[in-house]
Amino acid sequence: MTSLAANAVLAVAIALMSGAPALAQGLGPNSDGPLDITADELEVQNKTCISVWRGRAEALQGQSRLRADLLRAVFEPTPGQAGTSGIGANACGALIRLEAEGSVFYVTGKDQRVRGDAGAYDVGSETVTLTGDVIAVQGQNVLRGSRMVFNTETGEGRMMGASTGRNQGARPRGVFYPAKKKADAPS
C-alpha cells in the first residue's frame, strides 16, 4: 500500500510540474534562468496548482535567493484540461506567485539582503513584497519598516511603516553611512 501512495504522490507531482515552465520572469536583477526550489518536504496540491515547500525552503534564480520556513508556489490553472495524473486534476501552467512564510530572507547580491516575517514574489508585476519587521541591509546601510515592495526589473522600491506622524515609533527609518574618501595622493 505504501508504494501505491508514493506512486500517486509522484504522479501528482509530475502532473503539476509537467505543464509548468521552470522560468520565472526574474526573482532578482538579471535573473532570467530557471527557478530552482528546494526544501525538506514538498506537498503538491494538483487540483489547485499549488506546491508547498516546507522546512528550510529556498528558491534560487541567478544571484537572487528567497529563503523561508515555507514557500508556496502558485501556478496558473488551466481548467478543462485533465492532468496526466489520471485523477481528474487541472493541468497547470506558468508560475504566477511565490509566497514565503516565517523567517523570510531575500538576497539579491553579496551585500544586499532583506529580512521579514512574510513575503511574496509576483511574477506578473515582477515585485517582491516583504511584511512584518522588515530590515533591508546594503553594506553598512540599514533601512527598517513594516512593508517593503521591490521591483526586481527596475530596482525601484518603497518602504512603508505601520504609523505616520512625528515621534511615532513605527515609521520607516534608515541609517546610511557616507562613503569614505580616499586620502589625496601627494603631488
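Just above sits the structure.
Residues numbered from 1 in each chain as written. Predicted model: local features only at pLDDT ≥ 70, side-chain atom pairs only at ≥ 80, totals over all residues. Heavy atoms only, no water.

Student: Before we move on, could you go through the pairing of strand S2 (residues 41-45) and cite the residues and values that matter?
Tutor: Across 5 bridges, S2 lies against strand S3 (residues 50-61) in antiparallel orientation. Pairing of Val44 across the sheet is with Ser51, part of S3. The antiparallel pairing of S2 with S3 creates a hairpin that spans 4 residues between the two strands, and Cys49 there sits at a positive phi of about 55°. (Pairing = 2+ DSSP bridges. Helix = DSSP H or I, 4+ residues; strand = E, 2+ residues; numbered from the N terminus.)

Student: Please set out the state of the cysteines residue by residue, giving values where relevant.
Tutor: Counted by the stated rule, this structure contains 1 disulfide. The disulfide that involves Cys49 links it to Cys92, with 2.0 Å between the sulfurs. Negative torsions about the S-S bond denote left-handed disulfides, and the value of about -85° found for Cys49 with Cys92 makes this one left-handed. Residue Cys49 is located in the loop between S2 and S3, and its partner Cys92 is located in strand S5 (residues 90-109); the two are separated by 43 residues in the primary sequence. Pair check on accessibility: Cys49 and Cys92 agree, each one buried. (Disulfide = S-S within 2.5 Å. Buried < 20%, exposed > 50% of the residue type's maximum accessible area, 1.4 Å probe, protein only.)

Student: Let's hear about the packing of aromatic side chains: which residues, and what values?
Tutor: For the coordinates displayed, the defined rule picks out 1 aromatic pair. Here Tyr106 and Phe150 contribute two aromatic rings whose centre-to-centre distance is 6.1 Å and whose plane-to-plane angle is 55°, an arrangement assigned as tilted. Within this pair, whereas Tyr106 is found in strand S5, its partner Phe150 is found in strand S8 (residues 141-151), the two being separated by 44 residues in sequence. Across this residue pair, the class does not change: Tyr106 and Phe150 are buried. When the ring centre of Phe105 is taken as origin, the NZ or CZ atom of Arg67, which lies over that ring, is 5.0 Å away. (Phe/Tyr/Trp six-rings, centres within 6.5 Å; stacked < 30°, edge-to-face > 60°. Lys NZ or Arg CZ within 6 Å of the ring centre and 35° of its normal.)

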